Amino acid sequence: MGIFYDCHLHSSFSADSETPAEAMIQRAISIGLSGMCFTEHLDTDCPPEGPDFCLDLPAYFEKLSALRERFRDVIDIRIGLEFGIQPQCTELLPALVAQYPFDFIIASQHFIDGRDPYYPSFFEGTCEETCYIRYFDEIRENLDRYSDFDTLGHLDYIVRYGPNRNREYTYRRYADHIDPILHRLIDRGKCLELNTGGLKYGLGEPNPCREILKRYHDLGGELITVGSDAHAPEHIAYDFATAETILKEIGFRYYTVFRERKAKQLPL
Ligand SMILES: [Zn+2]
Ligand SMILES: [Zn+2]
């Protein structure tokens, strides 16, 4: 089989992409995907050091609905969101989600204590391990505040940006902070995302890393979504062959896609 749905994609509706949605669709068709889910950024209360990841929801839903119709005989287009979870924002999110019949919601931790680890200044004057621990603990805290999502995006995303990236990072070192996240996902029937952006960033691992995906499986987790997190056409379905190999080696037999927030398992 293989992975023929890319369920984490951005276009120019997101503040950090300049690619028209049509160009993403044409690329997905050209590489033979069966389906794709746009998951544009919606981060409220963004830190001042970066762009404002607000989203024009009416324009987004109208445009993508039209494209879904136009290409319906060629590719299965789905409309989702990538929500940035923060303690002060989680109460806003269910009302935002309820405005439109979205197919799929990714919850992603992008900011920590109101600051953005994408910028090197985040790590100045502090130790990397402390930052990574804080990142995992804030995810856990947010999962206790917010449940209106389908999958947890790029769980160890912060290791893309630490001074040593993932060179001193292992699941085992942070297990006491990561396991509570995995337990919450499993207990609440939420998916864990395999995001191939980590492979694109040269980590040699997806986000989260193999060991975390294996731990989720060992704990009884079965629900995996897969996305490239592409912001440009050439990165759609990035290294999905490796993603498929990793998942099969761990013992997963299916990956999950969503339509109107309902899960469907597809064979790997
Ligand atoms: Zn993200
Ligand atoms: Zn993303």
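Structure's up top.
Scope of this entry: the structure provided in the associated data block. (Residues numbered from 1 in each chain as written. Chains lettered and ligands numbered in written order. Predicted model: local features only at pLDDT ≥ 70, side-chain atom pairs only at ≥ 80, totals over all residues. Heavy atoms only, no water.)

**A look at the sheet that holds strand 5 (residues 151–152)**
This is how the line gets drawn: In this description, strands pair whenever DSSP reports at least two bridges between them. Secondary structure follows DSSP: runs of H or I at least 4 residues long count as helices, runs of E at least 2 residues long count as strands, and numbering of each begins at the N terminus. Only heavy atoms enter the contact rule, under which two residues are in contact if any of them lie within 4.5 Å. Note on method: axes are straight lines fitted to C-alpha atoms, helices fitted across the in-contact stretch only, with angles between N-to-C directions ranging 0 to 180 degrees.
The strand order across the open sheet formed by 7 strands is 1-2-3-4-5-6-7, and the pairing between neighbours is parallel. Of all strands in the sheet, those bounded by a partner on one side alone are strand 1 (5–9) and strand 7 (224–227). Inspection of the sheet shows strand 5 paired to strand 6 (residues 191–195) by 2 bridges, in the parallel sense. Paired with T151 across the bridge in strand 6 is C191. Here helix 2 (residues 57–70) sits on the sheet in contact with strand 2 (35–42) and strand 3 (76–84), set at roughly 160° to strand 3. Along the sheet, helix 8 (residues 240–250) makes contact with strand 1, strand 6 and strand 7, crossing strand 7 at roughly 160°.

**Overview of helix 4 (residues 128–143)**
As a reminder of what qualifies: Multiplying 1.5 Å by the residue count of a helix minus one yields the expected span of that helix. Exposed residues in this analysis have more than 50% of their type's maximum accessible area, buried residues have under 20%, and partly exposed residues fall in between, with area computed by a 1.4 Å probe over protein chains only.
With 16 residues, helix 4 extends 23 Å from end C-alpha to end C-alpha; this agrees with the ideal 22 Å at 1.5 Å per step. For helix 4, every residue scored as buried is listed here: E128, C131, Y132, Y135, F136, D137, E138, I139, N142 and L143.

**Some thoughts on unusual backbone geometry**
For the bond from N207 to P208, the omega torsion is -5°, close enough to zero to count as cis. As for its position among the elements, P208 is in the loop between helix 6 (197–200) and helix 7 (210–218). Here D239, not a glycine, exhibits a phi torsion of approximately 50°, which is positive. Tracing the chain through its elements places D239 in the loop between strand 7 and helix 8. What makes D239 partly exposed here is its relative accessible area of 31%.

**So, the coordination of the zinc ion (ligand 2)**
The cut-off we apply is this: Counted as donors are the N, O and S atoms within 2.8 Å of the metal, or 3.2 Å for Na, K and Ca, while water is not among the atoms, so some sites may look incomplete. Geometry is assigned from donor-metal-donor angles: four donors are tetrahedral when every angle falls between 85 and 135 degrees, four are square planar and six octahedral when opposite donors sit over 155 degrees apart with all other angles between 65 and 115, and any other arrangement is irregular.
Protein coordination at the zinc ion (ligand 2) comes from H8 (NE2), H10 (NE2), E82 (OE) and D229 (OD), with a distance range of 2.1 to 2.2 Å. Coordination geometry of the zinc ion (ligand 2): the 4 donor atoms subtend angles of 83 to 174° at the metal centre, consistent with an arrangement described as irregular. For the zinc ion (ligand 2), the donor residues sit on a single chain with the sequence spacing H-x1-H-x71-E-x146-D. Separating the zinc ion (ligand 2) and the zinc ion (ligand 1) is a distance of 3.5 Å, and E82 donates to both of them.

**Considerations on the pairing of strand 6**
This is how it is decided: Orient the strands so they point away from the viewer; a crossover is then right-handed if the path from the first strand over the helix to the second runs clockwise.
The element strand 6 is extensively covered by neighbouring structure, given that 5 of its 5 residues are classed as buried. Burial along strand 6 is two-sided: the face carrying C191, E193 and N195 and the face carrying L192 and L194 are both buried. With respect to chirality, the unit in which strand 5 leads through helix 5 (residues 175–187) into the neighbouring parallel strand 6 is right-handed. Judged from the 4 bridges that link them, strand 6 and strand 7 form a sheet pairing that is parallel.

**Quick word on the packing of aromatic side chains**
Worth spelling out the cut-off: In this scheme Phe, Tyr and Trp rings, the latter by its six-membered ring, pair at centre separations within 6.5 Å, and the angle between planes marks the pair as stacked below 30 degrees, edge-to-face above 60, and tilted otherwise. Look at NZ for Lys and CZ for Arg. If either is within 6 Å of the ring centre and within 35 degrees of the ring normal, a charge sits over the ring.
The tally for this structure, following the rule as stated, stands at 18 aromatic pairs. Ring geometry for F13 versus Y60: centroids 5.4 Å apart, planes at 55°, classification tilted. With F13 in the loop between strand 1 and helix 1 (21–30) and Y60 in helix 2, this residue pair connects regions lying 47 residues apart in the sequence. Residue classification places Y60 among the buried positions, given a relative accessible area of 0%. Ring geometry for F61 and Y100: centres 5.1 Å apart, planes at 25°, overall stacked. Taken together, the residues span a long stretch of sequence, with F61 in helix 2 and Y100 in the loop between helix 3 (93–97) and strand 4 (104–108) at a distance of 39 residues. According to the relative accessible area criterion, F61 is buried, its value standing at 9%. One aromatic cluster is present, built from ring pairs that chain together Y118, Y119, Y157, Y161 and Y201. Taking NZ or CZ as reference, K190 lies 4.9 Å from the ring centre of F149, over its face.

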